[in-house]
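Structural description and commentary
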Amino acid sequence: MLVVMKHGASQEHIDGVVRAIEEMGYAARPMPGTQRTTVGLVGNDGRVEEARLVGLEGVLRVIHVSQPYKQVSREWREGDTVIELPNGVRIGGPEVVVMAGPCAVESREQILTTARRVAAAGATVLRGGAFKPRTSPYSFQGLGEEGLRLLAEARDQTGMAVVTEALDPEGVALVAEYADIIQIGARSMQNYSLLRAAGRAGKPVLLKRGMSATIKELLLAAEYIVVEGEPRVILCERGVRNFDSHARNLLDLTAVVTVKELSHLPIIADPSHGTGARSKVGPMTRAAVAAGADGVIVEAHPDPASAVSDGAQSLTLDQFDVLMGELQTLAAALGRSVARARALASRS
Ligand code: PEP
Ligand code: MN
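What comes next is a walk through the structure. Predicted, not measured: the structure shown is a model, and the values here were computed from it.

1. Here we look at the site of ligand 1
For ligand 1, the full set of nearby residues is Cys103, Arg127, Lys132, Pro133, Gln183, Gly185, Ala186, Arg187, Lys208, Arg238, His273 and Glu299. Between ligand 1 and arginine 187, the relevant distance is 2.8 Å, taken from an oxygen atom to a side-chain nitrogen or oxygen of the residue. Side-chain polar atom of arginine 238 to an oxygen atom of ligand 1: 2.6 Å apart, as the coordinates give it. When the free accessible area of ligand 1 is taken as 300 Å², the share hidden by the protein chains comes to 97%. Residue classes in the shell around ligand 1 are distributed as three nonpolar, three polar and six charged.

Structural data, given as structure tokens:
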């Protein structure tokens, strides 16, 4: 439920609404807007005495949020959520944010070489798994904490922010120590204890859509994170199961548009996992930006043929350079630009 305050309602009026909500046993979330403040009531179990709120001073009206996901819905918050990273990059605003890096952190040289090259080309967030969710238990599982340390070193050298995956609730704190964004993978989208732990870690969360998840399920998963107190959730369309074997997954770009209608959260696209094939990554990255994605996350590797995971869908660093040039042209044609980091750290 949302309590919309009148234009010009005083702080005292807003405090009065917050107090009334808390006295009824619910949590209140005041959200100042450009025109007026709205106070969200969290935890409505259907027994809220609406009349008590409607009658308070400064209240314009009370709105029932009709979606099952509340706080992530557009009804809850009209304006877009914009998430600022420590390097000054803003996700959810007019700029297109490019995240890039290998599927997995494999070695110091591999991650530093990749980071330097993708940063030079204009990427501002470095991706790379230290804990890998592999379909087979016999596949490479990641370098663990050593991988996180290498990502942090790459951040220091390039000024990029770091996004990397946490696989389980117990691992969230360690990932949060090193990462600027905690990634929740497609296979974990409905791991509710992991979502809750990520929501309490104090870092923005990149939530990937499960490979068979509906958009409603994606938004409800995001709600789990927000309910725990973390409003900085970035959604990611990474392809869904497909009856046709031409691509690993079906990159659902309609989801980008739909999420923008239903939610105020930013959404990016992952054309690497979304297609599974290098030749399809460039065109679908451009298509995602054209569809209005807030950013893209792209796998790139110094030598994809030797990559321990997802080599077939990883761009070479030269191919990534070309793609960045295309994205800059495309963004400009759309009246946008590719996000740049505020200040690059020293490259010593
Ligand atoms: C990844 O980003 O490396 C990854 C494992 O992606 P997903 O969870 O979308 O499969
Ligand atoms: Mn991968």
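There is more to say, and it comes next.
2. Some words on the state of the cysteines
Under the criterion given, the structure shown has zero disulfides. The cysteine cysteine 236 is free of any disulfide, with cysteine 103 supplying the nearest cysteine sulfur at 13 Å. Relative accessible area serves as the criterion here: at 0%, cysteine 236 is assigned to the buried category.

3. A look at the coordination of the manganese ion (ligand 2)
Expected angles at a metal are 109.5 degrees for tetrahedral coordination by four donors and either 90 or 180 degrees for octahedral coordination by six donors. Coordination of the manganese ion (ligand 2) by the protein comes from Cys103 (SG), His273 (NE2), Glu299 (OE) and Asp310 (OD), over a distance range of 2.0 to 2.3 Å. Positions of the donor residues of the manganese ion (ligand 2) along the chain correspond to the pattern C-x169-H-x25-E-x10-D. Residue cysteine 103 is found in the loop between strand E7 (97-101) and helix H3 (108-121), and its partner glutamate 299 is found in strand E14 (residues 295-299); the two are separated by 196 residues along the sequence. Classification of cysteine 103 by relative accessible area gives buried; the value is 3%.

4. Concerning the packing of H3 against helix H11 (residues 317-333)
One can describe the packing of H3 onto H11 by two numbers: an axis separation of 9 Å at closest approach and a directional angle of 25°. By the criterion of interaxial angle, the relationship of H3 to H11 is roughly parallel. Remark: the crossing between H3 and H11 carries right-handed chirality. Here Thr113, Thr114, Arg117, Val118 and Ala121 of H3 come into contact with H11, specifically with Leu317, Asp318, Phe320, Asp321, Met324 and Gln328.

5. What to know about the side chain of asparagine 249
You can see asparagine 249 is positioned in the loop between strand E12 (233-237) and helix H8 (254-262). Engagement of the side chain of asparagine 249 in a polar contact is seen with the backbone oxygen of histidine 273, the distance being 2.8 Å. Each residue touching asparagine 249, except ones within four places of it in the same chain, is listed here: Arg238, Gly239, Val240, Arg241, Asn242, His273, Gly274 and Thr275.

6. Quick notes on the nonpolar core
Counting residues in hydrophobic clusters, the biggest one holds 70 residues, and the most contacted among them are Val98, Val118, Leu207, Val233, Leu235, Phe320 and Leu327. Excluding anything up to four places from it in sequence, leucine 327 contacts Val98, Thr285, Arg286, Val289, Val296 and Val338. Formed by 18 residues, the second largest nonpolar core is a distinct cluster that contains Val3, Ile14, Val18 and Leu53.

7. Quick look at the pattern of salt bridges
Evaluated as defined, the whole model comprises 21 salt bridges. Measuring nitrogen to oxygen at the nearest pair gives 3.1 Å for the salt bridge that ties aspartate 45 to arginine 47. Arginine 117 is the partner of aspartate 321 in a salt bridge, and the nearest nitrogen-oxygen pair spans 2.9 Å. With aspartate 321 in helix H11 and arginine 117 in helix H3, this pair connects stretches of sequence that are 204 residues apart. For arginine 117, a relative accessible area of 30% gives the class partly exposed.

8. Structural notes on H8
Restricting attention to buried positions, one finds in H8 the residues Ala255, Val256 and Val259. Summarising the axial view, the buried residues of H8 lie within an arc of 105°, below the 170-degree limit, and thus occupy one face. Relative to its buried face, H8 has exposed residues pointing more than 90 degrees away, namely Thr254 and Glu261. Of the surrounding elements, those touching the buried residues of H8 are helix H7 (215-227), E12 and strand E13 (267-269).

9. Looking at the pairing of strand E11 (residues 205-208)
Going residue by residue along E11, you find Val205 and Leu207 tucked away on one face and Leu206 and Lys208 tucked away on the opposite face as well. Two elements, strand E10 (residues 181-184) and E11, share three bridges in a ladder whose sense is parallel. Across the sheet, the residue bridging to isoleucine 184 is leucine 207, located in E11. Each parallel crossover has a hand, and for E10 linked through helix H6 (residues 192-199) to E11 it is right-handed. Pairing geometry for E11 and E12, over four bridges, is parallel. The residue of E12 that forms the bridge with leucine 206 is isoleucine 234. Running through H7, the crossover from E11 to the neighbouring parallel element E12 is right-handed.

10. Describing the sheet that holds E13
On the basis of which strands lie adjacent, the closed barrel formed by eight strands has the order E7-E8-E9-E10-E11-E12-E13-E14 and parallel pairing. Put simply, the sheet's adjacent strands are angled 25° from each other on average, direction ignored. Sheet topology places strand E8 (residues 125-127) next to strand E9 (residues 161-165); three bridges connect them, and they run parallel. Bridge pairing in E9 places valine 125 opposite alanine 161.

Rules behind the numbers
Residues numbered from 1 in each chain as written. Chains lettered and ligands numbered in written order. Predicted model: local features only at pLDDT ≥ 70, side-chain atom pairs only at ≥ 80, totals over all residues. Heavy atoms only, no water. Near = heavy atom within 4 Å. Polar contact = N/O pair within 3.5 Å; in protein donor to acceptor, adjacent residues only side chain to side chain. Areas by Shrake-Rupley, 256 points an atom, 1.4 Å probe, with all protein chains shown as cover. Nonpolar A, V, L, I, M, F, W, Y, C, P; charged D, E, K, R; others polar. Disulfide = S-S within 2.5 Å. Buried < 20%, exposed > 50% of the residue type's maximum accessible area, 1.4 Å probe, protein only. Donors = N, O, S within 2.8 Å, 3.2 Å for Na, K, Ca; no water. Helix = DSSP H or I, 4+ residues; strand = E, 2+ residues; numbered from the N terminus. Axes fitted to C-alpha atoms, helices over the stretch in contact; angles between N-to-C directions. Parallel < 35°, antiparallel > 145°, perpendicular 65-115°, else oblique. Left-handed = near helix turned anticlockwise from the far one by under 90°. Contact = heavy atoms within 4.5 Å. Core = buried A, V, L, I, M, F, W, Y, C linked by side-chain atoms within 4.5 Å. Salt bridge = Lys/Arg side-chain N within 4 Å of Asp/Glu carboxyl O. Arc of directions from axis to C-beta. Pairing = 2+ DSSP bridges. Right-handed = clockwise from strand over helix to strand, strands pointing away.

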